[in-house]
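An overview of the molecular structure
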Amino acid sequence: MATLTENANWGTELWDQYDNLSIHTLKGIDFLERYGHFVRDRATIESEYAYKLRRLVKNYQPKKKDEEDYQFTSCRAFKALMTEINDMAGQHEVVAEDLQANVIRELTALVKDLREERKKQLQEGQRLSQSLQTQIESLQRAKKAYDKAFKEAEKAIDGFQKADADFNLSRAEVEKHRANMAHKTQTCDQAKNEYAVQLQQTNQLQRQHFRSGLPEVFRQLQDLDEKRIKNIKNFIKGSVELERNVFPIINKCLDGVLKAADIINEKEDTLLVIEKYKSGFQPPEDFPFEDLSKGGSDSGSANNLNNIQLGSKIKDGGYTVKGTITGKAMKKRAGIFNIFGSRGNAAIADGKEDLSELPPNQRRKKLMQKIEELKTKVTQETAARDGLMKMKGVYEGNPALGDPRTIESQLNECSHRLEKLQQDLVRYQGYLDEVVKGIQSGNLTNSVTGSPRLLNGSSRIHRNSGGSAAEENSLSRSASDSSVTNTTLNNIKRSAPGTPQLNHGCSNSPESGLGTSHTSLHHADSDQDQYDGNHADPESEYYEADVLPAIGICRALYAFEGTFSASEGSIPMAQDEELHLIEVDQGDGWTRVRRINGEFEEGFVPTTYIETSLFNT
């Protein structure tokens, strides 16, 4: 068997394998196309994998209600891990896109070119083979004609010789046989010459066909097949290179996962749990021994047991004085009284502005958050006011730029908002100072255990300044059987000079109080009297009534769009619109009204925006 070398080619080695080469090249191109389908499906899998990774990360993203838990290091690490996984998904998308752009597209174009080139070369081979076949057929016809002419010439020669030897034939007949012999011999010579010419042409064409024509076709097919094989090699290497290019980034993502794992600190999480749930109360003291032989019970023990019963009875409302409206009851009003904006002000709507229902440590944290929020708002409003003042100064200096009076109303509103925020900031700072002093003194004890902790109602009684209208309102509705009495309530109202009022009287805006409200403390006192303990269950009468009766009529001094505080509890009203008065201002700056005309619509409006007239009772 001859040893093949690198210089061996299909034209010389496979000169007679036209059909097999045609089939081989077709199978080769089909194989290349199949490899292209493989790469396409591979890119699809990469894309689907990236999509599923992103979907996985999305499904496990922390919900808004769980965001507070993500302060722990393990949760933060998991969140960072999901970020890295999301980045890894992006790299798999890059692989899919690069395979589609750099491999599949080029491979598809190559398959098309190879098919067209193969078809062209096979057509050329068929043309050459057809030409050779035509020439061979001409040679065969010439040879048959020569064979026929030769036999006829021999027959004519034989007839002439017989006629010439026969003396019985006339001279004329002998000459006739001679002429026939000469004609047949000439025809034979012509056929012989034609045969010789066709033979020469056929041999020449056959040599050209098998030595140059068909080998060139086979060489082209060989180049085509080698190009196909070489490109498969390049495509495989290119696919690997594309994937290798994303490995560094994937490795960085994996490094990020490791870093995320390194931030997990069990001790830090333990401290966060303490910080999150620490109440700040002192452990309860021992129960005293009751010596029944002395003929009486220990009053201190009885008080402790009473406190335990009180604390265990009020589960939803927190720790409060018997008869005072609890947090659970106040939530009923919050459904329509939630007109104080953000979550930071939700405590006001619940009647717990000072957050006194929380344990001391948690209360301190919430108050600090509220103070930071108020400081941020004060900074924003201060910047807005300064900008308006500068604009007003520019307009006053150059009236052509604008009318300074257009800025005054905005400036007044901004000033009032800033003043209210500053008052809120001072008030909450007072709350914070109070709870810090209580924690530092170490005398706070959980009332559920029976220890003498200051309860909600009593804590407000002992605070002579820094209180709020909402606190006063909470006490005014108390039907306490303990130390919370009407006399104490009136004393509180008179001894709270630090209590901020909503009517400032510093401008013509509705907040200034120029829209004089007829709601007075006298009516507030009478309103309080109906909940002074004469009813067995004041909460049921105040909160559980389906439709409260109107107690007066009010007229809107100014238009109100219901956006004074970002909440659903307020309702809009037009200037000079008349509404039914449902509930007077309880000290929080808002009055409850119901629309007279149209659909049943009930809500709160600013007290300084209306003028009220109570029905005669």
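Residues numbered from 1 in each chain as written. Predicted model: local features only at pLDDT ≥ 70, side-chain atom pairs only at ≥ 80, totals over all residues. Heavy atoms only, no water.

Where an unreviewed UniProt entry is consulted, the protein chain appears under the name Formin-binding protein 1-like, with the organism given as Dendroctonus ponderosae. According to the UniProt record, the Sequence similarities (unreviewed entry) comment for the protein chain reads "Belongs to the FNBP1 family." (UniProt positions renumbered as here; feature names shortened; annotations may be inferred.)

Helix and strand counts for the protein chain stand at 15 helices and five strands. Counting across all 617 residues of the protein chain, residues that qualify as buried make up 38%. Partitioning the contacts of the protein chain with sequence separation of at least 6, the portion at a separation of at least 24 is 74%. Summed over its atoms, the accessible surface of the protein chain is roughly 36900 Å², and 52% of this surface lies on carbon and sulfur atoms. (Helix = DSSP H or I, 4+ residues; strand = E, 2+ residues; numbered from the N terminus. Buried < 20%, exposed > 50% of the residue type's maximum accessible area, 1.4 Å probe, protein only. Contact = heavy atoms within 4.5 Å. Areas by Shrake-Rupley, 256 points an atom, 1.4 Å probe, with all protein chains shown as cover.)

Where strands meet in a sheet, backbone hydrogen bonds hold them as pairs that are either parallel or antiparallel. Read across the sheet, five strands follow the order S4-S3-S2-S1-S5 without closing on themselves; strand pairing throughout is antiparallel. The open sheet has two edge strands, strand S4 (602-606) and strand S5 (610-614), and neither has a second partner. Averaged over all pairs of adjacent strands, the angle between their axes in this sheet comes to 40°, without regard to strand direction. (Pairing = 2+ DSSP bridges. Axes fitted to C-alpha atoms, helices over the stretch in contact; angles between N-to-C directions.)

With 28 residues, the main nonpolar core has Leu32, Val39, Leu99, Val103, Leu107, Leu114 and Phe235 as its most contacted residues. Elements that contribute at least two residues to this core include exactly helix H2 (18-59), helix H3 (73-165) and helix H4 (171-262). Apart from residues lying up to four places away in sequence, Leu107 is in contact with Leu32, Tyr35, Gly36 and Phe235. (Core = buried A, V, L, I, M, F, W, Y, C linked by side-chain atoms within 4.5 Å.)

A few words on the packing of aromatic side chains. Summed over the entire model, instances satisfying the criterion amount to nine aromatic pairs. Judged by centre distance (6.2 Å) and plane angle (65°), the ring pair of Phe560 and Trp590 falls under edge-to-face. Linking Phe560 in the loop between strand S1 (552-556) and strand S2 (578-583) with Trp590 in strand S3 (residues 590-595), this pair joins segments that are 30 residues apart in sequence. Trp590 carries the same exposure label as Phe560, and that label is buried. Members of the aromatic cluster, joined through ring pairs, are Tyr558, Phe560, Trp590 and Tyr609. (Phe/Tyr/Trp six-rings, centres within 6.5 Å; stacked < 30°, edge-to-face > 60°.)

Glancing now at the pattern of salt bridges. Going through the model one piece at a time under the given rule, you end up with 29 salt bridges. For Arg42, the salt bridge goes to Glu243, with nearest N and O atoms at 2.7 Å. Highlighted residues: Arg42 in helix H2 and Glu243 in helix H4, separated in sequence by 201 residues. With relative accessibility at 25%, the residue Arg42 sits in the partly exposed group. The closest approach of N and O atoms between Glu373 and Lys377, which form a salt bridge, is 3.2 Å. Here Glu373 pairs with Lys377, and both are found in helix H9 (residues 360-397), just four residues apart, close to one helical turn. By relative accessible area, which is 24% here, Glu373 ends up partly exposed. One salt-bridge network, in which partners are shared between bridges, spans Glu583, Arg592, Arg594 and Glu602. (Salt bridge = Lys/Arg side-chain N within 4 Å of Asp/Glu carboxyl O.)

Even without being glycine, Asp576 reaches a positive phi, approximately 70°. In this structure, Asp576 sits in the loop between S1 and S2. In this structure Asp576 comes out as partly exposed when scored by relative accessible area, which is 47%.

Along the polypeptide, Gly36 turns up in helix H2. For Gly36, a relative accessible area of 8% gives the class buried. In this structure, the C-alpha to C-alpha distance between Gly36 and Arg105, residues 69 residues apart in sequence, is 9.0 Å.

Here we come to H4. With 92 residues, H4 should reach 136 Å at 1.5 Å per residue; the first-to-last C-alpha distance of 133 Å fits that figure. When the local axis directions of H4 are compared, the greatest deviation, roughly 50°, occurs at His209. (Expected span 1.5 Å × (residues − 1). Bend = angle between axes of the 7 residues up to and from the residue.)

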